[in-house]
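Listed below are the residues making up each chain.
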Amino acid sequence: MDLILYLFMTMILKLAYAIQARSDREQQVSGAVALTRSDSANNYRIWGPKVLCSMLPEDFLECNKPIDHKDNKTAKEEKGYGCLKFGGLNYEDVEHTKVLCTVFSDIDCHGPRTFMRDGVPCIRYSEHYFLTTLLYSLLLGFLGMDRFCLGQTGTAVGKLLTLGGIGVWWVVDIILLLTNRLTPEDGSNWNPYV
Ligand SMILES: *[C@@H]1O[C@H](CO)[C@@H](O)[C@H](O)[C@H]1NC(C)=O
């Protein structure tokens with residue numbers, strides 16, 4: 001009985017050893033392949049501990065704000081990236097662009113530490129909150145307070161002088177706000193509440 005158990009155990013151990021040896025060999029082979037493949041890419045070892053700088057998440061990077069070309073197509077083509085327009089509520093409406101990012105100096109990574117990152121939305125925020133503006137529009141719309149707050153001073157004065165277009169403009173602006181056709185003058189998006 002002991003003999004059978006002994007044979008059985010040695011068999012298991014040998015098998016485990018064989019499997020281990022095989023996977024070691026495989027790893028060496030694929031490591032070598034990786035090395036030769038990446039020799040051209042500045043000796044980057046995909047099994048090594050370092051991450052490519054360009055693969056780091058946003059938290060490790062200092063990125064520029066997207067460049068505003070203010071609808072100047074030639075300027076955008078010259079630069080190769082940047083935004084023609086800012087804002088938009090739906091994903092399809094929002095322009096995306098590349099920005100220049102630099103890795104924080106304390107972070108260790110492989111490859112160039114400054115690079116272009118793609119897919120950054122052309123969106124900015126200033127001090128405009130949707131709910132606050134809506135309240136202004138509901139309560140003080142006849143004085144044009146909503147438009148004053150959005151920075152649309154010209155129409156705001158008109159609204160004030162006509163006392164909200166004798167009530168009609170007051171209501172129209174509330175509808176415009178709710179349907180997102182009345183937005184901040186500076187092209188910024190509504191600030192999210194955090
Ligand atoms: C657009 O940008 C180009 C290059 O920066 C500049 O020469 C041109 O004057 C700009 N056009 C307008 C209309 O601002």
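- As recorded in an unreviewed UniProt entry, the protein chain goes by TM2 domain-containing protein and comes from Glossina morsitans morsitans.
- Its UniProt record gives the protein chain a comment under Subcellular location (unreviewed entry), which states: "Membrane".
- On record in UniProt, under Sequence similarities (unreviewed entry), the comment for the protein chain is "Belongs to the TM2 family."

Description of the overall build of the protein chain
- Scanning the protein chain from terminus to terminus reveals 7 helices and 3 strands.
- Ordered by position in the sequence, the α and β elements of the protein chain form the string α-β-α-β-β-α-α-α-α-α.
- For the protein chain, restricting intrachain contacts to residue pairs at least 6 apart in sequence, the fraction spanning at least 24 positions comes to 55%.

Remarks on the sheet that holds strand E2 (residues 96–103)
- Sheet architecture is open: 3 strands sit in the order E1-E2-E3, paired in antiparallel fashion. Edge positions in the sheet fall to strand E1 (61–63) and strand E3 (114–121), since each of these pairs with one other strand and no more. Pairwise comparison of adjacent strand axes, ignoring direction, gives a mean angle of 40° for this sheet.
- Pairing between E2 and E3: 6 bridges, direction antiparallel. Bridge pairing in E3 links Thr102 to Thr114.

Some details on the UniProt feature "transmembrane region" (unreviewed entry) in the protein chain
- On the UniProt side, "transmembrane region" (unreviewed entry) is annotated at positions that read residues 129–148 and 160–179 here.
- For residues 160–179, the end-to-end C-alpha separation is 22 Å, with 85% helix and 0% strand making up the annotated structure.

Thoughts on the confidence of the model for the protein chain
- Taken as a whole, the protein chain shows an average pLDDT of 84; of its residues, 78% reach a score of 70 or greater.
- The element-level mean pLDDT for the protein chain is lowest in helix H1 (residues 2–39), coming to 55, with E2 highest at 96.
- Confidence drops under a pLDDT of 50 for residues 31–40, and excluding neighbours within four residues, the segment shows 9 contacts in the predicted structure.

Focus: the pairing of E2
- With 3 bridges connecting them, E1 and E2 associate as antiparallel partners. Within E2, the residue paired with Leu61 across the bridge is Val103.

A closer look at helix H7 (residues 168–178)
- Within the sequence span of H7, burial applies to Trp169, Trp170, Asp173 and Leu177. Looking straight down H7, one finds that the buried residues subtend no more than 105° of arc, so they occupy a single side. When the buried face of H7 is taken as reference, the exposed residues oriented beyond 90 degrees from it are Val168, Ile175 and Leu178.
- Its buried side turned inward, H7 meets helix H3 (130–140), helix H4 (145–150), helix H5 (153–161) and helix H6 (163–166).
- Within two residues after H7, Asn180 carries a phi angle of roughly 60°, on the positive side.

Some points on the environment of Tyr136
- Within the secondary structure layout, Tyr136 lies in helix H3.
- For Tyr136, a count of 20 C-beta atoms within 10 Å gives the class buried.
- As a C-alpha pair, Tyr136 and Phe148 span 12 residues in sequence and 9.8 Å in three-dimensional space.
- Not counting residues within four places of it along the chain, the set of residues in contact with Tyr136 comprises Met145, Asp146 and Cys149.

Thoughts on the packing of H3 against H7
- Two elements in contact, H3 and H7, have axes whose closest approach is 9 Å; the angle formed by their N-to-C orientations is 165°. Between H3 and H7, the crossing angle belongs to the class labelled roughly antiparallel. When the axes of H3 and H7 are compared, the crossing they make is left-handed. Residue-level contacts link Thr133, Leu134, Ser137 and Leu138 of H3 to Asp173, Ile174 and Leu177 of H7.

Details of the environment of His110
- Along the chain, His110 falls in the loop between E2 and E3.
- By the C-beta count within 10 Å, which is 19 here, His110 ends up partly exposed.

Cut-offs and rules
- Residues numbered from 1 in each chain as written.
- Predicted model: local features only at pLDDT ≥ 70, side-chain atom pairs only at ≥ 80, totals over all residues.
- UniProt positions renumbered as here; feature names shortened; annotations may be inferred.
- Helix = DSSP H or I, 4+ residues; strand = E, 2+ residues; numbered from the N terminus.
- Contact = placed C-beta atoms within 7 Å.
- Pairing = 2+ DSSP bridges.
- Axes fitted to C-alpha atoms, helices over the stretch in contact; angles between N-to-C directions.
- pLDDT = per-residue confidence, 0-100.
- Buried ≥ 20, exposed ≤ 12 C-beta atoms within 10 Å, placed from the backbone.
- Arc of directions from axis to C-beta.
- Parallel < 35°, antiparallel > 145°, perpendicular 65-115°, else oblique.
- Left-handed = near helix turned anticlockwise from the far one by under 90°.

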